[in-house]
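In case you want the letters, here they are:
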Amino acid sequence: MTSVLGAFPELSQLDLSPTTLDGVGNSNVADERSLCASWARGCPTLRHIIFPSGTEWQRRDDLLWTPNTTSMGGAH
């Protein structure tokens, strides 16, 4: 997916959240953080990612990704 994201030079948000709550699982923070970093290398403008787990990731000014698990009903 990293190479595909590079085709969108203006992309800043990626929403992978499900349309229903069925099948929403717990997030794996390490895996999600790794994907955020990888995808941001392919698309440097990416700043916000929402995973199917409901976890929202924000890219800080220092380029580190931080999760917010409460805003989308993810793991509490």
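Residues numbered from 1 in each chain as written. Predicted model: local features only at pLDDT ≥ 70, side-chain atom pairs only at ≥ 80, totals over all residues. Heavy atoms only, no water.

> Account for the packing of aromatic side chains, with residues named and values stated.
Counted according to the given criterion, the structure contains one aromatic pair. Ring geometry for Trp39 and Phe51: centres 5.8 Å apart, planes at 15°, overall stacked. Of this pair, Trp39 sits in helix α2 (residues 29–42) while Phe51 sits in the loop between β2 (48–50) and β3 (56–59), and the two are 12 residues apart along the sequence. A residue is classified by how much of its surface remains accessible, and Trp39, at 7% relative accessible area, is buried. Judged by its relative accessible area of 4%, Phe51 is buried. (Phe/Tyr/Trp six-rings, centres within 6.5 Å; stacked < 30°, edge-to-face > 60°. Helix = DSSP H or I, 4+ residues; strand = E, 2+ residues; numbered from the N terminus. Buried < 20%, exposed > 50% of the residue type's maximum accessible area, 1.4 Å probe, protein only.)

> Which residues make up the pairing of β3, and what values go with them?
It is a general feature of regular strands that their side chains alternate between the two faces of the sheet. Two strands pair when backbone bridges link them, and β2 and β3 are joined in this way by three bridges, in the antiparallel orientation. In the sheet register, Ile49 faces β3, and the bridge partner there is Trp57. Remark: five residues form the turn of the hairpin made by β2 and β3, two consecutive strands paired antiparallel; Gly54 in that turn has positive phi of roughly 95°. With antiparallel pairing between neighbouring strands as the criterion, β3 and strand β4 (residues 65–68) make up a hairpin whose turn holds five residues, including Leu63 at a positive phi of roughly 75°. (Pairing = 2+ DSSP bridges.)

> Any chance you could break down the side chain of Glu56 for me, citing the residues and the numbers?
Relative to the elements of secondary structure, Glu56 occurs in strand β3. The buried charged residue Glu56 lacks any salt bridge, with Arg47 as its nearest oppositely charged partner at 14 Å. A distance of 2.7 Å separates the side chain of Glu56 from the side chain of His48, its partner in a polar contact. (Lys, Arg positive; Asp, Glu negative; His and termini not counted. Salt bridge = Lys/Arg side-chain N within 4 Å of Asp/Glu carboxyl O. Polar contact = N/O pair within 3.5 Å; in protein donor to acceptor, adjacent residues only side chain to side chain.)

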